[in-house]
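Observations on the model geometry
Each chain is listed here by its residues.
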There are 2 protein chains.
Amino acid sequence: MKEVADRLNAVADHLDEHAPAMDQRMVDMWSGEGITRHDPVTGPENAIAPPLHLTGKDDGSVEGEVALGLPYQGPPGHVHGGISALLLDHTLGVANHWAGQSGMTAELTLRYHRPTPLFEPLTVTGEQVAVDGRKIRTTGAITARGEVCVSAEGLFIAKHLPRPR
Amino acid sequence: MKEVADRLNAVADHLDEHAPAMDQRMVDMWSGEGITRHDPVTGPENAIAPPLHLTGKDDGSVEGEVALGLPYQGPPGHVHGGISALLLDHTLGVANHWAGQSGMTAELTLRYHRPTPLFEPLTVTGEQVAVDGRKIRTTGAITARGEVCVSAEGLFIAKHLPRPR
């Protein structure tokens with residue numbers, strides 16, 4: 001294992017030497033292709049992200065499919081409850097963006113209906129259900145084999161009142 | 001970047017060749033030193049984990065300190081809300097274990113009071129507050145500079161009724 005660690009450290013040193021300064025890297029993350037390049041759920045450039053690929057649908061909701069492996073394990077053979085929370089928090093945010101009215105998360109409630117399996121296709125959905133002044137309500141779920149494993153309800157606060165349509 | 005990718009792929013191939021079969025690896029994760037070796041929050045053997053080091057305190061609560069870097073970013077310069085949820089879900093579970101009565105997460109509510117800064121020491125706490133039959137209630141928080149950024153309330157269901165003391 002020492003030889004493997006040495007090889008990985010050499011790669012890390014090489015990347016460190018050639019990477020831009022931290023403040024430049026933070027700017028880069030928010031320019032160009034934007035948040036979806038680096039975020040910890042859907043970002044293809046973030047090693048932590050599974051990544052989940054979310055698609056906006058015609059009915060205003062977003063949906064993606066993902067199978068999670070060992071790094072996301074909580075109970076034996078099942079997804080860590082906090083990882084389900086991470087996926088759903090992000091998906092609700094993307095659903096708000098897709099619906100055209102985004103906000104900061106104020107409250108998020110997760111209900112765990114049954115264990116979420118590892119290594120199986122999971123469907124992750126999100127949908128904005130109500131906008132009342134600056135309050136945005138959004139729901140989502142993780143399903144496996146057609147059954148809801150985890151459901152989520154979020155309250156988001158918009159930075160500005162929505163423009164009347 | 002291609003040369004870097006080739007070097008990393010060579011390491012991955014080497015590890016794959018020498019790793020035990022998946023079912024054996026899953027068993028290993030749950031034997032010996034147990035869950036804290038691999039879980040996605042505190043596990044030193046999980047590249048996704050920051051890792052957060054939690055310590056059980058004499059008052060029955062658990063506490064840890066961690067600073068999070070770029071992979072955990074949500075809003076610019078701040079921790080992703082779902083990462084805060086991941087940390088708190090896990091910390092509440094550890095708090096239950098420390099208090100001597102664990103259960104499966106049934107419901108988790110997160111309240112976001114202010115943005116959680118990246119690159120700064122965060123204090124993560126958890127405490128079991130009530131056990132009523134099989135229902136366990138546990139709370140926790142992430143604080144920065146002495147102010148609560150995110151608070152959590154969890155409802156857990158014990159597998160068995162607690163033994164009367």
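Because the structure is a prediction, the values reported are computed rather than measured.

**Structural notes on the nonpolar core**
Judged by nonpolar contacts, the single largest core of 58 residues is most densely connected at Leu 68, Leu 87 and Leu 110 of chain A together with Leu 68, Leu 87 and Leu 110 of chain B. Apart from the residues lying within four places of it in its own chain, the contact partners of Leu 87 of chain A are Val 41, Pro 50, Leu 52, Val 66, Leu 68, Val 124 and Ile 142 of chain A.

**With respect to the pattern of salt bridges**
Scanning all chains against the criterion turns up 14 salt bridges over all chains. With a closest N to O distance of 3.5 Å, Glu 107 of chain A and Arg 111 of chain B form a salt bridge. Of this pair, Glu 107 of chain A sits in strand β3 (residues 104-112) while Arg 111 of chain B is found in strand β3 (residues 104-112), placing the two residues in two different chains. The class for Arg 111 of chain B is partly exposed, based on a relative accessible area of 30%. Asp 6 of chain B is paired through a salt bridge with Lys 2 of chain B; the nearest N and O atoms lie 2.7 Å apart. Of the two residues, Asp 6 of chain B and Lys 2 of chain B are both situated in helix α1 (residues 2-18); the distance of four residues between them amounts to about one turn of the helix.

**Notes on unusual backbone geometry**
Residues and elements named next belong to chain A. Cis geometry marks the peptide bond from Pro 50 to Pro 51; its omega dihedral reads -20°. Positive phi values are uncommon outside glycine, yet Phe 119 reaches one of about 65°. Along the chain, Phe 119 falls in the loop between β3 and β4 (122-132).

**Describing the side chain of Asn 46 of chain B**
With respect to the helices, strands and loops of the structure, Asn 46 of chain B is situated in the loop between α2 (22-29) and β1 (53-56). Within the structure, Asn 46 of chain B has its side chain in polar contact with the backbone oxygen of His 38 of chain B (distance 2.7 Å). A polar side-chain atom of Asn 46 of chain B sits 2.9 Å from the main-chain amide nitrogen of Ile 48 of chain B. For Asn 46 of chain B, the contacting residues outside a window of four places in its chain are Pro 71 of chain A together with Arg 37, His 38, Asp 39 and Pro 40 of chain B.

**Let's talk about the pairing of strand β4 (residues 122-132) of chain B**
All names here are of chain B. Judged from the five bridges that link them, strand β2 (residues 62-66) and β4 form a sheet pairing that is antiparallel. Its bridge partner being in β4, Glu 63 is matched across the sheet by Thr 125. Adjacent in sequence and paired antiparallel, β4 and strand β5 (residues 135-144) are bridged by two residues, among which Gly 133 carries a positive phi angle near 65°.

**Notes on the relation of the copies chain B and chain A**
What connects the two chain copies is a rotation about an axis and a shift along it. Superposition of chain B onto chain A requires a rotation of 180° combined with a translation of 0.0 Å along the rotation axis, giving an RMSD of 0.1 Å. Taken together, the rotation and translation describe the operation of a two-fold axis. If distances are taken from each C-alpha of chain B to the rotation axis, the shortest is found for Thr 109 of chain B, at 2.1 Å. The residues that chain B uses at the interface reappear at the interface of chain A in 100% of cases, marking a shared surface.

**A look at the UniProt feature "domain: Thioesterase" (unreviewed entry) in chain A**
The UniProt entry lists residues 77-144 of chain A under the feature "domain: Thioesterase" (unreviewed entry), expressed in the numbering used here. Taken end to end, residues 77-144 of chain A is 28% helix and 44% strand, and its two terminal C-alpha atoms sit 14 Å from one another.

**Overview of the interface of chain B and chain A**
Contacts between the two partners involve 44 residues from chain B and, on the opposite side, 44 residues from chain A. The interface formed by chain B and chain A contains two salt bridges. Our enumeration of links across chain B and chain A arrives at 15 residue pairs in polar contact (both at pLDDT 80 or more). Elements with a minimum of two residues in the side of chain B that touches chain A: α1, α2, α3 (81-99) and β3 of chain B. The dominant element in the side of chain B that touches chain A, judged by the number of residues it contributes, is β3 of chain B, at nine residues. In the side of chain B that touches chain A, the residues fall into 27 nonpolar, 12 polar and five charged. With five bridges joining them, β3 of chain A and β3 of chain B adopt antiparallel strand pairing. When the sheet's bridge partners are listed, Leu 110 of chain A is paired in β3 of chain B with Leu 108 of chain B.

**Notes on empty space enclosed by the protein**
Within this structure, the stated rule accounts for one cavity of 30 Å³ or more. Considered as a void within the structure, the largest cavity measures approximately 50 Å³ in volume. As for the largest cavity, its lining consists of Ile 48, Tyr 72, Ile 83 and Leu 86 of chain A together with Pro 40, Ile 48, Pro 50, Tyr 72, Ile 83, Leu 86 and Leu 87 of chain B. Split into classes, the residues belonging to the lining of the largest cavity amount to 11 nonpolar, no polar and no charged.

Calculation criteria
- Residues numbered from 1 in each chain as written.
- Chains lettered and ligands numbered in written order.
- Predicted model: local features only at pLDDT ≥ 70, side-chain atom pairs only at ≥ 80, totals over all residues.
- Heavy atoms only, no water.
- Core = buried A, V, L, I, M, F, W, Y, C linked by side-chain atoms within 4.5 Å.
- Buried < 20%, exposed > 50% of the residue type's maximum accessible area, 1.4 Å probe, protein only.
- Contact = heavy atoms within 4.5 Å.
- Salt bridge = Lys/Arg side-chain N within 4 Å of Asp/Glu carboxyl O.
- Helix = DSSP H or I, 4+ residues; strand = E, 2+ residues; numbered from the N terminus.
- Polar contact = N/O pair within 3.5 Å; in protein donor to acceptor, adjacent residues only side chain to side chain.
- Pairing = 2+ DSSP bridges.
- Least-squares fit on C-alpha atoms with pLDDT ≥ 70 in both.
- UniProt positions renumbered as here; feature names shortened; annotations may be inferred.
- Nonpolar A, V, L, I, M, F, W, Y, C, P; charged D, E, K, R; others polar.
- 1 Å grid on protein atoms, 1.4 Å probe; cavity = no way out; pocket = protein on both sides within 12 Å on 5 of 7 lines; lining within 4 Å.
- Points joined across faces, edges and corners; volume = space filled by probe spheres on them.

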